[in-house]
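Here is what each chain is made of, one letter per residue.
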Protein chains: 2
Amino acid sequence: MGVRKAKAAETEAALKAAARREFAERGYLNTKITDITAAAGRATGSFYEHFASKEDLLRALLADMHAQAGDQLASGDHPPHDLTDPLQLRAHIQVAWNVMRENRSVMAAQFESVLAAGPASGALWDRLTEDTEMFRRHLEYLGDSDRPLPGDPALVAAAMGGMMSMLAYALTPGDTRYPAAEIVETISRLLLYGLTGPPALRPADGAGR
Amino acid sequence: MGVRKAKAAETEAALKAAARREFAERGYLNTKITDITAAAGRATGSFYEHFASKEDLLRALLADMHAQAGDQLASGDHPPHDLTDPLQLRAHIQVAWNVMRENRSVMAAQFESVLAAGPASGALWDRLTEDTEMFRRHLEYLGDSDRPLPGDPALVAAAMGGMMSMLAYALTPGDTRYPAAEIVETISRLLLYGLTGPPALRPADGAGR
DNA sequence: GTCTATATACAGATAGAC
DNA sequence: GTCTATCTGTATATAGAC
């Protein structure tokens, strides 16, 4: 790689890093191109040498994220396919939660971008179903094994993903209220047994007050 | 009420109605003041005679909604406080779902507005906890009765509300994929028993394949 | 109170020098 | 490739006539 190209790559990386910081702080929609260039210590005009628009930059950030997240998911090589097994469910929730939190600013940015498409567009549903495809496949596997599902696999998967992404977005990272372990544990328990809790702990009929 | 005041009230109502339509179509952030006034058949300048800003208008719409939703919740006079009872849980989900869907455009607008405050602000969490206060109280009641909860009541309530509001926003109203009854049923079952399903239907240990 | 016309402000994007 | 300076489009909000 030549020196010129290296410098260009450096600038591009600086812009991306700055964008991540700015998105995390002000949000995607509120971040101006000039905010990014200023934070990266570059001039406004330089931005367009690397990205056609803010949306184009977001696409690049998403590509980076997917490349990295793909590694995580593949490397984990997680035990196959029984979401009703406590350990396996928790492992899935854990991985999904980690990915969401490590890429919170980019995922939030994508969320804002999708939102800007308007409520009538159905873009949010498309995103939700795509991002929860893994859950859906696991649920379909359960259904094939004649296990009772709460409903259509795609809908249940969307419900699970929607819950998690909403929490990931709502709970600001530096938050002291809930440590990550507690959140993962709570989500896992809720999705595993619901509000009634594990069978063993349920009061026998008539025994509850 | 005098004629002049009546005319003014009429214009204000027309602006509100137009805003609801435009918000539903384009989304809150994408809707321009001129979109609203044009849809209402009024001039741009008239807007500011009634509302100080788009945000101010949103506040008015939210006030209307809360007044109306308060009626619904109070009139229902729902059976008190056992979310582990299938009928009671389903009734709560049903009411919450109806409120969300009947006011989808306004709730979505508020959502976008909160989002615009930026991810670091924590505004989304505040909104989520406020809107799920009822769930939280019901869960605390369960905890007081020594029933096992999946986690901290406020967190579980937020998870429930987050799931529902995300689905309410993602599933566009005219959607044919899932009828309202199916959605309510699926959410209820998932929150009641989780992915493992009701105890009676669970395969005995070792019996599953 | 409502209208038309306009001022203000600012974000996105480009031109041209270096 | 990067910079400074600038153009363009557009949304908000106001001024002033009716």
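The structure presented is a predicted model; accordingly, all values stated were derived computationally and were not measured.

1. What to know about the overall build of chain A
Piece 1. Counting its secondary structure elements, chain A contains 10 helices and 0 strands.
Piece 2. Counting from the amino terminus, chain A carries its helices and strands in the arrangement α-α-α-α-α-α-α-α-α-α.
Piece 3. Across the 209 residues of chain A, 45% fall into the buried class.
Piece 4. Within chain A, residue pairs in contact and separated by at least 24 positions form 65% of the contacts whose partners lie at least 6 positions apart.
Piece 5. Split by element, the accessible area of chain A, about 9,900 Å² in all, is 52% carbon and sulfur.

2. Re the domain arrangement of chain A
A common measure of how large an interface is: the accessible area buried when the components associate.
All names here are of chain A.
Piece 1. Domain annotation for chain A reports domain 1 (1-51) and domain 2 (54-198).
Piece 2. Contacts between the two partners involve 14 residues from domain 1 and, on the opposite side, 14 residues from domain 2.
Piece 3. Contact between domain 1 and domain 2 buries roughly 1,300 Å² in total, counting both sides, with carbon and sulfur atoms accounting for 69%.
Piece 4. If you look at where domain 1 meets domain 2, you find 1 salt bridge.
Piece 5. Measuring nitrogen to oxygen at the nearest pair gives 3.0 Å for the salt bridge that ties Asp 64 to Lys 16.
Piece 6. Run the count over domain 1 and domain 2 and you get 5 residue pairs in polar contact (both at pLDDT 80 or more).
Piece 7. Going through the elements one at a time, helix 1 (3-26), helix 2 (33-40) and helix 3 (44-50) are the ones with two or more residues in the side of domain 1 that touches domain 2.
Piece 8. With 5 residues, the top contributor of residues to the side of domain 1 that touches domain 2 is helix 1.

3. Describing the nonpolar core
Piece 1. Within the largest apolar cluster, 79 residues are counted, with the highest numbers of intra-cluster contacts made by Leu 167 and Ile 187 of chain A together with Leu 167 and Ile 187 of chain B.
Piece 2. Beyond its immediate sequence surroundings of up to four residues, Ile 187 of chain A is in contact with Ile 93, Trp 97, Met 163, Met 164 and Leu 167 of chain A.
Piece 3. With 18 residues, the next largest nonpolar core counts Ala 19, Phe 23, Ala 60 and Val 106 of chain B among its residues.

Conventions we followed
For every chain, the first residue of the written sequence is number 1, and numbering continues from 1 along that sequence. To read the labels, note that chains go from A and ligands from 1, taken in the order they are written. With the structure being a predicted model, the display of local features is reserved for residues of pLDDT at least 70 and the display and counting of side-chain atom pairs for 80 or more, all residues being used for whole-chain, interface and lining totals. As a rule here, side-chain values come from all non-hydrogen atoms in the structure, and water together with hydrogens is ignored. Only DSSP runs of H or I with at least four residues qualify as helices, and only runs of E with at least two residues qualify as strands; both kinds are numbered from the N terminus onward. When accessible area is computed with a 1.4 Å probe and restricted to protein chains, residues below 20% of their type maximum are described as buried, those above 50% as exposed, and intermediate ones as partly exposed. A contact between two residues is defined here by any heavy atoms of the two lying within 4.5 Å. Using a 1.4 Å probe, the Shrake-Rupley method yields the accessible areas, and only the shown protein chains count as cover for residues. Here the bounds of each domain stem from an automatic or database domain assignment. Buried area is understood as the total, over both parts, of accessible area removed when two parts are fitted together, assessed with a 1.4 Å probe. Salt bridge criterion: a side-chain nitrogen from Lys or Arg within 4 Å of a carboxyl oxygen from Asp or Glu. In protein, a polar contact requires one atom able to donate a hydrogen and another able to accept it; more generally it is a pair of N or O atoms within 3.5 Å, and residues adjacent in sequence count only if both atoms are side-chain atoms. The definition of a nonpolar core used throughout is a set of buried Ala, Val, Leu, Ile, Met, Phe, Trp, Tyr and Cys residues joined through side-chain atoms within 4.5 Å.

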